[in-house]
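# Residue-level structure breakdown
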Amino acid sequence: MFKRFLCAITAALLCLALPVTANAEAVLEGVVAEEITPRYSDTITPKADLVISGSNATCSCSANGTTDIKSISVVMTLEKSGLFGIYSAVSGAKWTKTASGRSISLSGSVDNLSSGTYRVKAVFTVTMKDGSTETITEYSATEKAG
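Fair warning: this is a prediction, and the values are worked out from it, not measured in the lab.

### Some remarks on the confidence of the model for the chain
Averaged over the chain, the pLDDT score is 80; the fraction of residues at 70 or greater is 73%. Confidence drops under pLDDT 50 across residues 20–28; counting only partners more than four residues distant or on other chains, this segment forms zero contacts.

### A look at the packing of aromatic side chains
The description of an aromatic ring pair rests on the distance of the ring centres and on the angle between the ring planes. Tallied over the full model, the rule gives zero aromatic pairs. Looking at Arg 119, its charged tip hangs above the ring of Tyr 87, at a distance of 3.7 Å from the centre.

### Quick look at the pairing of strand E2 (residues 56–65)
Judged from the ten bridges that link them, strand E1 (residues 44–53) and E2 form a sheet pairing that is antiparallel. Its bridge partner being in E2, Ile 52 is matched across the sheet by Ala 57. The loop that links E1 with its antiparallel partner E2 comprises two residues; one of these, Gly 54, has a positive phi angle of about 65°. Taken together, the eight bridges between E2 and strand E6 (residues 103–110) define a ladder with antiparallel strand orientation. Bridge pairing links Ser 60 to Ser 107 in E6.

### Remarks on the sheet that holds E6
With antiparallel pairing, four strands are arranged side by side in an open sheet as E1-E2-E6-E5. Of all strands in the sheet, those with a lone pairing partner are E1 and strand E5 (94–100), marking the two edges. Looking at each pair of strands side by side, their axes are set apart by 10° on average, direction ignored. Relative to E6, E5 is paired through seven bridges, and the arrangement is antiparallel. Within the sheet, the bridge partner assigned to Lys 94 lies in E6 and is Ser 109.

### Looking at the nonpolar core
In this structure, Ile 44, Leu 50, Cys 61, Leu 78, Leu 113 and Phe 124 are the most contacted members of the largest nonpolar core, which totals 25 residues. Elements that contribute at least two residues to this core include exactly E1, E2, strand E3 (69–81), E6 and strand E7 (116–128). At six residues, E7 tops the list of elements feeding residues into this core. In contact with Leu 113, other than residues within four places in its own chain, are Ile 52, Ser 55, Asn 56, Ala 57, Leu 78, Val 90, Tyr 118 and Ala 145.

### Quick notes on the pattern of salt bridges
One pass over the structure, following the stated rule, counts two salt bridges. The partner of Lys 47 in a salt bridge is Asp 49, with the nearest N and O atoms 3.9 Å apart. Judged by its relative accessible area of 45%, Lys 47 falls in the partly exposed class. Salt-bridge contacts for Arg 119 lead to Glu 79; the nearest nitrogen and oxygen are separated by 2.8 Å. One end of the pair, Arg 119, is in strand E7; the other, Glu 79, is in strand E3, with 40 residues separating them in the sequence. As far as burial versus exposure is concerned, Arg 119 and Glu 79 are alike and both buried.

What counts and how
Residues numbered from 1 in each chain as written. Predicted model: local features only at pLDDT ≥ 70, side-chain atom pairs only at ≥ 80, totals over all residues. Heavy atoms only, no water. pLDDT = per-residue confidence, 0-100. Contact = heavy atoms within 4.5 Å. Phe/Tyr/Trp six-rings, centres within 6.5 Å; stacked < 30°, edge-to-face > 60°. Lys NZ or Arg CZ within 6 Å of the ring centre and 35° of its normal. Pairing = 2+ DSSP bridges. Helix = DSSP H or I, 4+ residues; strand = E, 2+ residues; numbered from the N terminus. Axes fitted to C-alpha atoms, helices over the stretch in contact; angles between N-to-C directions. Core = buried A, V, L, I, M, F, W, Y, C linked by side-chain atoms within 4.5 Å. Buried < 20%, exposed > 50% of the residue type's maximum accessible area, 1.4 Å probe, protein only. Salt bridge = Lys/Arg side-chain N within 4 Å of Asp/Glu carboxyl O.

The structure is reproduced here in structure tokens:
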């Protein structure tokens, strides 16, 4: 009885471990696939950066747009990773904003960070000349403090 159980478990594990190759070519035959890209990918270049030295963070974000853009606004936050990798905003930031029509930048610092993993979140709102708007969220790479 125990040997049968072990054989069944081994067979199940082998089935899970062996690679499965799917042939999607037959399913897609005759279908023209086009790449879907967000509208802003051609009109804005968003960027978010974070540098942590000791317990001090330097945060920045920027975006430059093409002539199709009327204006860009941004909300930047420094976020800390918490339980289960969920990020929450850190208070105490001091930001300096520079904007001129189709470009914007925001920078600043946060002091006395506690130990942990941080990132910058920048939410850009782009207003096109035709009046339509889009929201683009950009994240920096993560950095550790402490």
